[in-house]
Amino acid sequence: MSEREPYLAIVNPAAGGGRSRKMLGGALERLRAGGVAVDVIETQGVGDATRLARAAYGHGQRRFIAVGGDGTSYEVVNGLFPEASAGSGLHAGQAGEGARPTLGFLPLGTGNSFLRDFSNRGVEHAIESLIAGRRQSCDVLRLRHRGGVIHYINLLSVGFPADVATLRARRFSGQGELGYVIAIFMGLARLQRRPFPVRVDGETEFDRRRCLFLTFNNSKFTGGTMMIAPKAEVNSGLIEYVRWGAIGRLGLIRNLPRLYDGTHIEHPLAERKAVRRVEFDLDGPVDVMVDGEVLTLHCEELDVLPGALDVVA
């Protein structure tokens, strides 16, 4: 991959309530002044970033910038994969160098959880990283479900975080982090503890215990500042699995701040493991939150593509 190859910036102009389009010009000027060549294309609706990334990758493009929030990055990743894994010999955990894509970020949307693993300075850090060419390998997590396959780089969760994300997406999508807070308290009022049967590495039986949530992580944060998986590493080759058991409403309220500093994993009802594979035995589709997007999927199996992507962060 040539360092002179331009990036293709895939822009979600609606991200951040339109902030993405307003701030884009200045960000591009700084990148170009710093010697970064950038071509730009805008999305028109849901799924466009996936379609545009897939088409560009098919024509030989290997350097991308996701301009928006976590949802834009998620769509771009799903445009690059599974094509990138099929074309680069990603078998038995081996990433091929020749076809491995590079993904940078201009976090101009509402939620930008992935980049918080590297800095809390958002756009400033992202621009500096692109100009400096700071690249590192990143795992890509792959979920097989009854309807197909999706890929992600942040996290997938079921239970309370997915319930909160669903509420926010349906009722408070235009209110930024405040929308997350409102949705959290509404989620508390409707709190459910239910089983999501899973089996991870080394276990012979499915875990069918009721729980508050299960989350399967590549990076640490969700909802902008919630450190759901404090021990996750983006290039460990492993899935950071966090489970919180059937805590009651009052107990959750008392422990809610611990979700923001990562100490919730020390709670007696919490568990975490670093695993390579997860199997699901669900009765049917469930709401999931994946990289800020809300989907309803019948999950079957989750694994990891180690080092399948380079990220600029």
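Residues numbered from 1 in each chain as written. Predicted model: local features only at pLDDT ≥ 70, side-chain atom pairs only at ≥ 80, totals over all residues. Heavy atoms only, no water.

## Focus: the environment of Gly284
- Relative to the helices and strands, Gly284 is located in the loop between strand 15 (277–280) and strand 16 (286–290).
- What makes Gly284 buried here is its relative accessible area of 17%.
- Gly284 has contacts with Leu297 and His298, leaving out every residue within four places of it along the chain. (Helix = DSSP H or I, 4+ residues; strand = E, 2+ residues; numbered from the N terminus. Buried < 20%, exposed > 50% of the residue type's maximum accessible area, 1.4 Å probe, protein only. Contact = heavy atoms within 4.5 Å.)

## Observations regarding the nonpolar core
- Ranked by internal contacts, the top residues of the largest apolar core, which has 28 residues, are Phe64, Val76, Phe81, Leu103 and Ile153.
- Only strand 1 (7–11), helix 2 (48–58), strand 3 (63–68), helix 3 (70–80), strand 4 (102–107), strand 5 (135–145) and strand 18 (299–312) provide two or more residues apiece to this core.
- Ranked by the residues each element gives to this core, the list is headed by helix 2, at five residues. (Core = buried A, V, L, I, M, F, W, Y, C linked by side-chain atoms within 4.5 Å.)

## Observations regarding the packing of helix 2 against helix 3
- Packing of helix 2 against helix 3 brings their axes to within 7 Å, and their N-to-C directions diverge by 35°. Handedness of the crossing formed by helix 2 with helix 3: right-handed. Between helix 2 and helix 3, the residues in contact are Asp48, Ala49, Thr50, Ala53, Arg54 and Tyr57 and Thr72, Glu75, Val76, Asn78, Gly79 and Leu80, respectively.
- Residue classes in the contact of helix 2 with helix 3 are distributed as five nonpolar, four polar and three charged. (Axes fitted to C-alpha atoms, helices over the stretch in contact; angles between N-to-C directions. Left-handed = near helix turned anticlockwise from the far one by under 90°. Nonpolar A, V, L, I, M, F, W, Y, C, P; charged D, E, K, R; others polar.)

## Details of the confidence of the model for the chain
- Summarising the model, the chain shows a mean pLDDT of 90, and 93% of its residues fall at 70 or more.
- The low-confidence segment residues 89–97, where pLDDT is below 50, has 15 contacts with residues more than four positions distant or belonging to other chains. (pLDDT = per-residue confidence, 0-100.)

## Comments concerning the pairing of strand 17 (residues 293–297)
- Here strand 16 runs beside strand 17; their pairing, made up of five bridges, is antiparallel. Bridging across to strand 17, Val290 finds its partner in Glu293.
- Between strand 16 and strand 17, which pair antiparallel one after the other, the connecting turn spans two residues, and Asp291 there sits at a positive phi close to 50°. (Pairing = 2+ DSSP bridges.)

## Some words on the side chain of Asn78
- Here Asn78 shows up in helix 3.
- Among the polar contacts made by the side chain of Asn78, one reaches the main-chain carbonyl oxygen of Tyr74 at a distance of 2.9 Å.
- If sequence neighbours within four positions are ignored, Asn78 has contacts with Thr50, Arg54, Ile150 and His151. (Polar contact = N/O pair within 3.5 Å; in protein donor to acceptor, adjacent residues only side chain to side chain.)

## Some words on helix 2
- Buried within helix 2 are the following residues: Asp48, Ala49, Thr50, Leu52, Ala53, Ala56 and Tyr57.
- Gly60 lies just past helix 2 and shows a positive phi near 100°.

## Notes on unusual backbone geometry
- Geometrically, the link from Phe81 to Pro82 is a cis peptide bond, its omega value of 15° lying close to zero.
- In this structure, Pro82 sits in the loop between helix 3 and helix 4 (83–87).
- At Asp291, a position not held by glycine, the phi torsion is positive, near 50°.
- Along the chain, Asp291 falls in the loop between strand 16 and strand 17.
- Asp291 gets classed as buried once you look at its relative accessible area, which sits at 2%.

## Details of the packing of aromatic side chains
- A complete count under the given rule lists five aromatic pairs for this structure.
- Relative to Phe114, the ring of Phe105 lies with its centre 5.5 Å away and its plane at 40°, an arrangement referred to as tilted. Across the pair, Phe114 and Phe105 agree in class, each one buried.
- Ring-pair connections join several aromatic residues into one group, and the members of that group are Phe105, Phe114 and Phe118.
- Residue placement shows Arg63 over the ring face of Tyr7; its charged tip is 4.2 Å from the ring centre. (Phe/Tyr/Trp six-rings, centres within 6.5 Å; stacked < 30°, edge-to-face > 60°. Lys NZ or Arg CZ within 6 Å of the ring centre and 35° of its normal.)

## Section: the pairing of strand 3
- Across the six residues that make up strand 3, a large majority, six, are buried.
- What you see with strand 3 is no split at all: Arg63, Ile65 and Val67 on one side and Phe64, Ala66 and Gly68 on the other are buried throughout.
- Alignment of strand 1 against strand 3, held across four bridges, turns out to be parallel. Each bridged residue has a counterpart across the sheet, and for Val11 the counterpart in strand 3 is Val67.
- As paired elements, strand 3 and strand 4 share six bridges and run parallel to each other. Bridge pairing in strand 4 places Phe64 opposite Leu103.

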